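The residues making up each chain are set out below.
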Amino acid sequence: MTPALTVVTFDPMSEASIPQIPGSYNLVTRKRVTSTNDALRVLADNGAPEGTILVAKSQSAGRGRYGRSWQSPPGNLYFSLLLRPDCPPMQALQLGFVAGVALGDAILALVPKSVSVQHKWPNDILLDGRKLAGILLESGTTASAKLDWLVIGMGVNVANAPQDMAFPATALAAHGYTLRPSDLIAPIAHALSRWIDRWRKDGFATVRSAWYARAYRRGQSVQVRFEDGAKSGLFVGLDDDGAMLLQTANGARERLSYGAVFPDIQAAG
Ligand code: BTN
């Protein structure tokens, strides 16, 4: 038997009101977890439905892409959404971009037009050129290799930004926005719901166009860094699974599925 899902109301001791999320979503809150992705995965394994959101005030072992640690003190947003997409795992990679566009829309609605919000490949959000938020997609498959669950984890620097990052980071507070992390839950959930519906109806093309409209350094030269080296070239665009299309100096077009994007200093200098 599947244990009943406990939906905890939003912490009334510190929050003024319960975020008004879409009716098809439900919100679980925790004070401290290792990682909201892990805690939500446990709920998924116990039968939690698509649309379950788990938010925690802090994480003791928050992680980013490639197993890097994600600093998770109280004051920032740690948010994970559970989906059970009925599509091949490769196609589900597009959901990182769906989530990125949704998060970008939610942030854009909070900040003045003079502030730039950009998408840095694959799933980062930049505010005036500095990293404000990151997204980590994790999934599990059934014995027959079908997707069972997919968790979209988002970390948004609301009060604090980590220092000394290879790519500089920022926080909403550094731009003068005094928000509580919980203020972001409803706007992000509504934007996710809208964009996931659109992706299901119209496919990846609309999402990719929206991502391109705010893309960091698309059409410009970039350096993509890996653990053991780097590649430079022109950032042409996204392939159908979200891979980066990079045109290198010899004119060849390469597909990159991982790496961290930086401006290509040599090409600029
Ligand atoms: C990255 O930029 O490398 C992705 C960072 C993703 C961080 C979020 S915070 C909520 C969720 N829980 C985690 O442990 N990671 C994601």
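Residues numbered from 1 in each chain as written. Predicted model: local features only at pLDDT ≥ 70, side-chain atom pairs only at ≥ 80, totals over all residues. Heavy atoms only, no water.

## Side note on the overall build of the protein
From N to C terminus, the protein includes 6 helices and 12 strands. Seen through its C-alpha atoms, the protein measures out along the principal axes to roughly 60 × 50 × 35 Å. Going through the 269 residues of the protein one by one, you find that 50% of them count as buried. Restricting the contact set of the protein to residue pairs at least 6 apart, pairs at least 24 apart contribute 62%. Looking at the protein as shown, the accessible area adds up to about 12700 Å², and 52% of this sits on carbon and sulfur atoms. Here the protein contributes 27 positively and 22 negatively charged side chains, and the mean placements of these two sets differ by 3 Å. (Helix = DSSP H or I, 4+ residues; strand = E, 2+ residues; numbered from the N terminus. Buried < 20%, exposed > 50% of the residue type's maximum accessible area, 1.4 Å probe, protein only. Contact = heavy atoms within 4.5 Å. Areas by Shrake-Rupley, 256 points an atom, 1.4 Å probe, with all protein chains shown as cover. Lys, Arg positive; Asp, Glu negative; His and termini not counted. Charge placed at Lys NZ, Arg CZ, Asp CG, Glu CD.)

## So, the site of the ligand
Among the 20 residues in the neighbourhood of the ligand, the closest are listed as Ser35, Gln59, Arg63, Arg65 and Lys131. Here a nitrogen atom of the ligand sits 3.2 Å away from a polar atom, N or O, in the side chain of Thr36. Between the ligand and Arg65, the relevant distance is 2.8 Å, taken from an oxygen atom to a main-chain nitrogen or oxygen of the residue. Mapped onto the shell around the ligand, the elements with two or more residues apiece are helix 1 (36-45), strand 3 (77-83), strand 6 (130-141) and strand 7 (147-156). If one sorts the elements of the shell around the ligand by residue count, strand 6 sits on top with 4 residues. For the shell around the ligand, the residue count by class is 6 nonpolar, 10 polar and 4 charged. (Near = heavy atom within 4 Å. Polar contact = N/O pair within 3.5 Å; in protein donor to acceptor, adjacent residues only side chain to side chain. Nonpolar A, V, L, I, M, F, W, Y, C, P; charged D, E, K, R; others polar.)

## Considerations on the pattern of salt bridges
Following the criterion strictly, the structure yields 12 salt bridges and no others. For the salt bridge of Arg63 with Glu138, the shortest nitrogen-to-oxygen distance reads 2.8 Å. With Arg63 in the loop between strand 2 (52-59) and strand 3 and Glu138 in strand 6, this pair connects stretches of sequence that are 75 residues apart. Glu138 gets classed as partly exposed once you look at its relative accessible area, which sits at 23%. (Salt bridge = Lys/Arg side-chain N within 4 Å of Asp/Glu carboxyl O.)

## What about the nonpolar core?
The biggest cluster of nonpolar side chains holds 65 residues, and the ones touching the most others in it are Phe79, Val156, Ile188 and Leu192. Among the elements that take part in this core, helix 3 (residues 95-108) stands out by supplying 9 residues, more than any other. Other than its neighbours up to four places away in sequence, Ile188 contacts Leu77, Phe79, Leu103, Ala106, Met154 and Val156. Counting residues in each nonpolar core, the second largest holds 12 residues, with Val28, Ala39, Ala48 and Trp149 among its members. (Core = buried A, V, L, I, M, F, W, Y, C linked by side-chain atoms within 4.5 Å.)

## Points about the environment of Leu172
Structurally, Leu172 is set in the loop between strand 7 and helix 4 (185-202). For the pair formed by Leu172 and Pro22, sequence separation is 150 residues and the distance between their alpha carbons is 24 Å. Setting aside its immediate chain neighbours within four residues, Leu172 contacts Val111, Leu127, Leu132, Asn157, Val158, Tyr177, Leu179 and Leu184.

## A look at the pairing of strand 6
One face of the sheet, then the other: side chains in a regular strand alternate in exactly this way. Judged from the 3 bridges that link them, strand 5 (residues 124-127) and strand 6 form a sheet pairing that is antiparallel. The residue bridging Leu126 from the neighbouring strand is Lys131, located in strand 6. Between the end of strand 5 and the start of strand 6, which pair antiparallel, lie 2 residues, with Asp128 showing a positive phi angle near 45 degrees. The turn joining strand 6 and strand 7, which pair antiparallel and follow one another in sequence, is formed by 5 residues; a positive phi near 65 degrees is taken by Ala145. (Pairing = 2+ DSSP bridges.)

## Focus: the layout of surface pockets
Size it by volume and the largest pocket reaches roughly 600 Å³. Along its surface, the largest pocket is lined by 32 residues, and Gly64, Arg65, Arg68, Trp70 and Lys131 are the ones closest to its centre. Taken together, the elements giving at least two residues each to the lining of the largest pocket come down to helix 1, strand 3, strand 6, strand 7 and strand 12 (260-263). For the lining of the largest pocket, the element with the most residues is strand 6, which contributes 4 residues. (1 Å grid on protein atoms, 1.4 Å probe; cavity = no way out; pocket = protein on both sides within 12 Å on 5 of 7 lines; lining within 4 Å. Points joined across faces, edges and corners; volume = space filled by probe spheres on them.)

## Re helix 3
If you check helix 3, its first and last C-alpha atoms are 19 Å apart, about what 14 residues at 1.5 Å a residue would give, namely 20 Å. Residues of helix 3 that are buried: Leu95, Gly96, Phe97, Val98, Ala99, Gly100, Val101, Ala102, Leu103, Gly104, Ala106 and Ile107. (Expected span 1.5 Å × (residues − 1).)

## Some details on the domain arrangement of the protein
Interface size is often expressed as the accessible area that is lost when the parts come together. By domain assignment, the protein separates into domain 1 (26-213) and domain 2 (221-268). Domain 1 and domain 2 are separated by 23 Å when their C-alpha centres are compared. On the domain 2 side, the residues contacting the 15 residues of domain 1 number 16 residues. Across the interface of domain 1 and domain 2, roughly 1300 Å² is buried in total on both sides, 63% from carbon and sulfur atoms. (Domains from an automatic or database assignment. Buried area = accessible area lost by both parts, 1.4 Å probe.)

## Structural notes on the pairing of strand 8 (residues 221-226)
Where burial is concerned, the two faces of strand 8 differ: the one with Val222, Val224 and Phe226 is buried and the one with Ser221, Gln223 and Arg225 is not. As judged from the 6 bridges shared by strand 8 and strand 9 (residues 229-238), these two strands associate in the antiparallel manner. In the sheet register, Ser221 faces strand 9, and the bridge partner there is Leu234. Between strand 8 and the antiparallel strand that follows it, strand 9, lie 2 residues. As judged from the 4 bridges shared by strand 8 and strand 12, these two strands associate in the antiparallel manner. Residue pairing for strand 12: Val222 is matched across the bridge by Pro263.

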